[in-house]
Amino acid sequence: MSRIDSACWLGPYPFRHVPHHDADGLLRWMDRHEISQAVVSSLPAAFHRDPQPANTELARWVAAHRDRLIPCATLHPHFPGWRRDLKRCSEDLQMRGLRLFPKHAGFSLTDPHTLELVRSASELGWHTAIPIRLEDRRGRHWMDTALEVTLAEIADLARRVPESELLVIDALGVENSAFVRDPSLSGARVGFEVSRMATVLQKSVPQLLDRLGPDRLFFGTGMPLKVGGAGVLKLDLLQTSDENRALIAGANIRRLLRQAGEP
Amino acid sequence: MRLIDCHMHVHGGMRPWGWSDDADVIEAADRLGIEKLAVSIPVTGGRWAEPAEVRDCNDAVYGALQRFPDRLLGYCFVNPGFTHAALDEIERCVVDRSFIGVKLYNQYRISDPTVFPVIERCIELGVPILSHAGRLVDPVDQARQPLCSDAGHFVEVNRRYPEATLIEGHIAGGGDWEWSLGMLREGGENLFLDTSGSVPDAGMLERCVESIGPDRLLFATDMTMEGSVARLLDAEISDTAREQIAWRNFEAILGRRRI
């Protein structure tokens, strides 16, 4: 089984020391957990006013490992010139998706600029990933004022951009959300990365698998911010068919990356 | 590697935790290779705990112990605000029913003199006290749990009662864990820290070992099953240290019992 991690990062984090945040460190962890490829974005880009220099830096970091590390762009929809940056990320930097940090960068997921950015990414074949959070808010640094993105906000976005592929990173509570209750979202192209959910005891992952099907669940670890083994363990412990496991482990994210032009 | 979970809960009384039957706890433990789990049912949510409710909680734990005698160990939850009732409950559970220790929640900070009679009785019995804890930094959390103990309160009690076996709950349970580790460096050999909780930060367990050493760390899940096991298995620490944390340290604590 080929594992592709849909939720990794590169670069330092401003609020605490994160070990192994460079490409070599991440690749060592990927080897240890038998993960063949990882989708990565720049952690510093989430905090910068202009994320484009960090996107360029990310492309340099992954250049020697491009067969295993697949870069995603971080863009802010209110920053002047994001259309030019999006084009450069796609054409010059060979990026394959978009990540948005609405709470860190101070924008709404449903304002017209954001909707235009998400639609523009879709026209490139990109998925748009939205991390719910970068850290647990209960231990937040005094300079970290970002709240968690809510599933309701993402549902609002999904209703407005039904043609776009969305991926929710660090998702929690989806099995009791509008995504399983609201018929208007039944056809939404929204996937959920499952590293924060439980496979045993609370059994959120099996419940979500029952309710949404295997096409909308994505393996991820959150490395190097998070302990990588948790996501791996949750996938390994999931009692499901080989076909379902293969979809969650890698085939679903591979499909999205191929739409974006990844071989 | 053996795993003994020193901080877990069972369903029962008024405390539904998110599973329907405690057989699910045993099933999860089986799948993760956890041999035994030390469990309790505290009154949570910032609520006061009347003696009758405390007894109901402990009776539910006792029911679970009888149902899974080879897998579960029990903590006796008490509200130290009812001194006589709390001491009676310790007799009923720890002395008469072989519970292995006492569980405190956030009805009082552990350093409050109201708690001292409970601590003194636990010293006499040679049993540990596991207490809910966290260095809460978010105003919402602080308002919800104004009397939550942090590492500073534990160090204070550890200095007053160095012979008491104290377990600070869930370093990964939410809150500023780096501050907690800084403070716990001031603690003595009988002040332990459990490694449970849902905060998934990489490098946390390595920092725990660097800060207070593997002798004072105890593996636990507190219901975050996969995440807590992965935290221990992924940690870049020696196999000797991992084994100490996984079960040896807690087994040694259980051996301190005097009754």
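Structure: above.
Criteria and cut-off values
- Residues numbered from 1 in each chain as written.
- Chains lettered and ligands numbered in written order.
- Predicted model: local features only at pLDDT ≥ 70, side-chain atom pairs only at ≥ 80, totals over all residues.
- Heavy atoms only, no water.
- Helix = DSSP H or I, 4+ residues; strand = E, 2+ residues; numbered from the N terminus.
- Rg over C-alpha atoms; globule rule 2.2 N^0.38 Å.
- Contact = heavy atoms within 4.5 Å.
- Lys, Arg positive; Asp, Glu negative; His and termini not counted.
- Charge placed at Lys NZ, Arg CZ, Asp CG, Glu CD.
- Buried area = accessible area lost by both parts, 1.4 Å probe.
- Salt bridge = Lys/Arg side-chain N within 4 Å of Asp/Glu carboxyl O.
- Polar contact = N/O pair within 3.5 Å; in protein donor to acceptor, adjacent residues only side chain to side chain.
- Nonpolar A, V, L, I, M, F, W, Y, C, P; charged D, E, K, R; others polar.
- Buried < 20%, exposed > 50% of the residue type's maximum accessible area, 1.4 Å probe, protein only.
- Axes fitted to C-alpha atoms, helices over the stretch in contact; angles between N-to-C directions.
- Parallel < 35°, antiparallel > 145°, perpendicular 65-115°, else oblique.
- Left-handed = near helix turned anticlockwise from the far one by under 90°.
- Right-handed = clockwise from strand over helix to strand, strands pointing away.
- Pairing = 2+ DSSP bridges.

The next subject is the overall build of chain B. Scanning chain B from N- to C-terminus turns up 10 helices and 8 strands. Taking 259 residues into account, the globule formula puts the C-alpha radius of gyration at 18 Å, and chain B, at 17 Å, falls close to it. Viewed in the frame of its principal axes, chain B has a C-alpha envelope of about 45 × 40 × 40 Å. In chain B, 78% of the contacts between residues at least 6 apart in sequence involve partners at least 24 apart. Counting 26 positive and 41 negative side-chain charges, chain B places the centres of these two groups 2 Å from one another.

Contacts between chain A and chain B engage 32 residues on the former and 35 residues on the latter. Buried area between chain A and chain B, summed over both chains or domains, comes out near 2700 Å², and the portion from carbon and sulfur atoms is 53%. Interface area lost by chain A to chain B is led by Arg-138, Leu-201 and Val-227 of chain A, which between them contribute 28%. On the surface where chain A and chain B come into contact, there are 5 salt bridges. Here Asp-138 of chain B makes a salt bridge to Arg-137 of chain A, at a shortest N to O gap of 3.2 Å. On inspection of chain A and its partner chain B, the count reaches 20 residue pairs in polar contact (both at pLDDT 80 or more). For the side of chain A that touches chain B, the secondary structure elements donating two or more residues are helix 1 (23-32) and helix 9 (228-237) of chain A. For the side of chain A that touches chain B, the per-class residue count stands at 13 nonpolar, 8 polar and 11 charged.

Summed over the entire model, instances satisfying the criterion amount to 40 salt bridges over all chains. Note that Asp-21 of chain B and Arg-67 of chain B form a salt bridge whose closest N and O atoms lie 2.8 Å from each other. Within this pair, whereas Asp-21 of chain B is found in the loop between strand 1 (4-9) and helix 1 (23-32), its partner Arg-67 of chain B is found in helix 2 (residues 51-67), the two being separated by 46 residues in sequence. Judged by relative accessible area, which is 29%, Asp-21 of chain B ranks as partly exposed. One continuous salt-bridge network, built from bridges that share partners, spans Arg-133, Asp-136, Arg-138, Glu-148, Asp-170, Arg-196 and Lys-226 of chain A.

All names here are of chain B. Where helix 2 contacts helix 3 (residues 83-95), the axes come no closer than 11 Å and their chain directions differ by 15 degrees. Here helix 2 lies roughly parallel to helix 3, going by the angle between them. When the axes of helix 2 and helix 3 are compared, the crossing they make is right-handed. Only Ala-85, Glu-89, Arg-92 and Cys-93 of helix 3 make contact with helix 2, whose side of the interface consists of Pro-51, Val-54, Arg-55, Asn-58 and Asp-59. The residue makeup of the contact of helix 2 with helix 3, split by class, is 4 nonpolar, 1 polar and 4 charged.

Here the focus is the side chain of His-65 of chain A. Inspection of the secondary structure puts His-65 of chain A in the loop between helix 2 (52-62) and strand 3 (69-71). Ignoring sequence-local partners within four residues, the contact set of His-65 of chain A consists of Ala-23, Asp-24 and Leu-27 of chain A.

Both faces of the sheet carry side chains from a regular strand, because those side chains alternate between them. Residues and elements named next belong to chain A. Of all 8 residues making up strand 2 (residues 35-42), 7 are buried, and the element is well covered by its neighbours. Handedness of the crossover is the feature at issue here: the chain leaves strand 1 (residues 3-10), passes through helix 1, returns alongside strand 2, and the resulting connection is right-handed. Sheet topology note: the strand 2/strand 3 ladder contains 3 bridges and is parallel. Residue Val-40 lies in a different strand from strand 3, and its bridge partner there is Pro-71. Once you follow strand 2 into helix 2 and on to strand 3, the crossover reads as right-handed.

None of the figures reported here should be taken as evidence of function without further support.
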